[in-house]
Amino acid sequence: MSSNSDQNAIVAEHLCKTVGDAGARLAVLDDVSLRVPRGGSLAIVGPSGSGKSTLLGLLAGLDLPSSGRVLIDGTDLFALDEDARARLRATRLGFVFQNFQLIAHLDALHNVSLALDIAGGPGSPLREAREMLARVGLGGREHRKPGVLSGGEQQRVALARAFVTRPGLLLADEPTGNLDAATGARVIELLFELQRQQGSTLVLVTHDAQLAARCDAVLELQAGRVLHRGGASAAAAQPAEPTESTLS
Ligand code: ADP
Ligand code: MG
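It should be emphasised that the depicted structure is a prediction, and the values quoted were computed from it without experimental measurement.

Calculation criteria
Residues numbered from 1 in each chain as written. Chains lettered and ligands numbered in written order. Predicted model: local features only at pLDDT ≥ 70, side-chain atom pairs only at ≥ 80, totals over all residues. Heavy atoms only, no water. Helix = DSSP H or I, 4+ residues; strand = E, 2+ residues; numbered from the N terminus. Buried < 20%, exposed > 50% of the residue type's maximum accessible area, 1.4 Å probe, protein only. Expected span 1.5 Å × (residues − 1). Contact = heavy atoms within 4.5 Å. Pairing = 2+ DSSP bridges. Core = buried A, V, L, I, M, F, W, Y, C linked by side-chain atoms within 4.5 Å.

Attention now moves to unusual backbone geometry. Most peptide bonds are trans, and most residues other than glycine sit at a negative phi. A positive phi angle, near 60 degrees, is found at D31, a position not held by glycine. Structurally, the position occupied by D31 is in strand β2 (residues 26–37). Of the residues examined, D31 reaches a relative accessible area of 36% and is grouped as partly exposed.

Printed below as a string of structure tokens:
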């Protein structure tokens, strides 16, 4: 492991994703590289269909690239078998989706404690889930199921589920996309607050330029390619330097 990868929570090198067959191939992602230092934040922006969700899915190891690699804390995600990858996801990654993705038949408490059950480890999942729900302002609503919670409340449950395992890396795909502006703003404040408190690294897909500007760096996609990189921390989203292993 190089000293370069040591300080990055996540590195993506030359990610490509092609779909379709030889007759109609579509490059959904074309040579996308990025890196985010530990504790830093990166916003991914770009028009609908530019490949943002596909990229986030690859960073989470939920989908396989056609080529390229992803390093999480220096670990090559796609060199792991599926079990090991799922284990890394459960213990080191949190994911927040636009449409919440809560389990409908479980109450808020068990949606959150399930993440701890899957991650394993010491401690009491139900007690920790209860504490986390209180921190996101849902104390007293632990036993409500998603169907009787508002959109904002459901996304708070999803934030509690994502952060309860204290993941080093938090991936969020348009987390305010299904919320009204005021509710979305409160959810975002909570997300940044939890990120700060836990010192986690954040990769955030958003349509909101103001929100993107709050991240350390911004990566803009267009038609699957990197159109622009910017942000306060010049180094934060630069492509990873080619290493011997990527050249060999
Ligand atoms: P975004 O999140 O930026 O809106 P997506 O990553 O969801 O974009 O999708 C990028 C493009 O790739 C879209 O045109 C989408 O239709 C296409 N796409 C994604 N996955 C597949 C797939 N498995 N098969 C065919 N097309 C796909
Ligand atoms: Mg998307």
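For the α-helix, the turn length of 3.6 residues means that residues three or four positions removed from each other point alike. For helix α4 (residues 108–119), with twelve residues, the first-to-last C-alpha span of 18 Å sits near the 16 Å given by 1.5 Å per residue. Those residues of α4 not exposed but buried are A108, L109, N111, V112, S113, A115, L116 and A119. Contacts from the buried residues of α4 go to α3 (82–92), α5 (125–135) and α6 (151–163). Of the residues flanking the end of α4, it is G120, one or two places downstream, whose phi is positive at about 75 degrees.

Let us now look at the sheet that holds strand β5 (residues 75–76). The strands that make up a sheet are held in pairs by hydrogen bonds between backbone atoms, and each pair lies either parallel or antiparallel. Spatial ordering of the open sheet is given by β2-β1-β4-β5, a layout of four strands whose pairing is antiparallel. Of all the strands in the sheet, just β2 and β5 have a single pairing partner and so form its edges. Note that strand β1 (residues 8–19) and strand β4 (residues 67–72) share five bridges and pair antiparallel. Each residue of the ladder has a partner; that of E13, found in β4, is R69.

With that settled, the discussion passes to the nonpolar core. Core analysis: the largest hydrophobic core is formed by 38 residues, its most contacted members being L133, V157 and L159. Setting aside residues no more than four positions away along its own chain, L159 makes contact with V96, V187, L190, L191 and L194. Core analysis: the second largest hydrophobic core is formed by 27 residues, L58, L171, V205 and L219 among them.

These figures come from the coordinates and say nothing about function on their own.
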